Amino acid sequence: MSLEQKKMAKQKKKRNRLLFRTAILAVLVAAVVFTLVSNLQKDNTIYQVGDEAPDFQLKQISNNYDAETVQLSDFEGKGVMLNFWATWCKPCEAEMPYMQELYPEYKEKGVEIVAVSLDGTELVVDRFIDKYDLTFAIPHDKLGEIRDLYKVGPIPSTFFINPEGEIEDVVNGALTLDRLEGHLQAIQPSVEEAS
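The text that follows walks through the structure, step by step, so that each part is easy to find. (Residues numbered from 1 in each chain as written. Predicted model: local features only at pLDDT ≥ 70, side-chain atom pairs only at ≥ 80, totals over all residues. Heavy atoms only, no water.)

Some remarks on a nonpolar patch on the surface
As a reminder, the rule being used: Patch membership needs two things, relative accessible area over 30% and no salt bridge, and members are linked within 9 Å if like-charged or within 5 Å if nonpolar (Val, Leu, Ile, Met, Phe, Trp, Tyr). Here the accessible surface of atoms and residues is derived via Shrake-Rupley with a 1.4 Å probe, and residues count as covered only by protein chains that are part of the display. Salt bridge criterion: a side-chain nitrogen from Lys or Arg within 4 Å of a carboxyl oxygen from Asp or Glu. In this description a helix means any DSSP run of H or I spanning at least four residues, a strand means any run of E spanning at least two, and both kinds are numbered starting from the N terminus.
Together, Phe-20, Ile-24 and Leu-28 make up a nonpolar patch on the protein surface, roughly 310 Å² of accessible area in all. Mapped onto the fold, Phe-20 is located in helix α1 (residues 3–41).

See the structure below:
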């Protein structure tokens, strides 16, 4: 093999290596683009005031409330305070007595309180329910599916949903008794809706 032929073979090898590397790079770029597009197409909706509240169904764990499951759409025509909380959250614990204090009155006025527990086990939630004698619905979101659906960040987070099923307000952080009552008044059905 002559020197010229060796040079040609070496250049051909370099060209083939370059083509191979370019092909691999193109495949990697395509994979990255596909991943980005797929992630952008996922439901990244953050629900805001005026949006329809997404429906869900969860097992209800409080012995003080009649239903075995809670489905948001079952409360159509009522105002709903949808609260996300956990027993280890001190601000959550601080607002629970206010929720219980106002619940009997506002239940009569067509407003339901649904306090979605984000705790890992039912046992700690049961103790908490007994400690505060809570009588409203407490569904257990142990897998975090509803938390993810509503894109809940800090807790407590509360969605106030009007009788038409639309989000009236979103509050991140604990509520005082006065603020809580104001929000409950805002979502109670009008006299025509209640009848």
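Let's pick the thread back up.
Observations concerning a negative patch on the surface
The following threshold applies: Here Asp and Glu are counted as negative and Lys and Arg as positive; His is not counted, and neither are the chain ends. Note that the charge is assigned to NZ on lysines, CZ on arginines, CG on aspartates and CD on glutamates. Under the scheme applied here, a residue whose accessible area is under 20% of the maximum for its type counts as buried, over 50% as exposed, and between as partly exposed, the area being computed with a 1.4 Å probe on protein chains only.
Where like charges cluster on the molecular surface, the negative patch consists of Glu-52, Asp-55, Asp-74, Glu-164, Glu-166 and Glu-168. The topology assignment puts Asp-55 in the loop between α1 and β1 (57–59). The partly exposed category is assigned to Asp-55, whose relative accessible area is 39%.

A short note on helix α3 (residues 122–132)
Where we set the bar: Directions pointing from the helix axis toward each C-beta atom define the arc.
When α3 is considered as a whole, its buried residues turn out to be Val-125, Phe-128 and Ile-129. The buried residues of α3 all sit within an arc of 100° when viewed along its axis, so they share a single face. With respect to the buried face of α3, the exposed residues turned more than 90 degrees away are Arg-127, Asp-130 and Lys-131.

A few points about the nonpolar core
The condition that has to hold: Residues belong to one nonpolar core when they are buried, are Ala, Val, Leu, Ile, Met, Phe, Trp, Tyr or Cys, and are joined through side-chain atoms within 4.5 Å. Two residues qualify as a contact provided that any one of their heavy atoms is within 4.5 Å of a heavy atom in the partner residue.
Core analysis: the largest hydrophobic core is formed by 48 residues, its most contacted members being Leu-82, Phe-84, Phe-136, Ile-138, Tyr-150 and Leu-184. The leading source of residues in this core is helix α2 (residues 90–108), at six residues. Apart from the residues lying within four places of it in its own chain, the contact partners of Ile-138 are Lys-59, Gln-60, Ile-61, Ser-62, Trp-85, Ala-115, Ser-117, Val-125 and Ile-129.

So, the environment of Leu-177
Inspection of the secondary structure assignment puts Leu-177 in helix α5 (residues 177–187). A residue is classified by how much of its surface remains accessible, and Leu-177, at 24% relative accessible area, is partly exposed. Considering only alpha carbons, one finds Leu-177 and Pro-97, 80 residues apart in sequence, at a separation of 9.0 Å. Discounting chain neighbours no more than four positions away, the residues touching Leu-177 are Tyr-98, Glu-101 and Leu-102.

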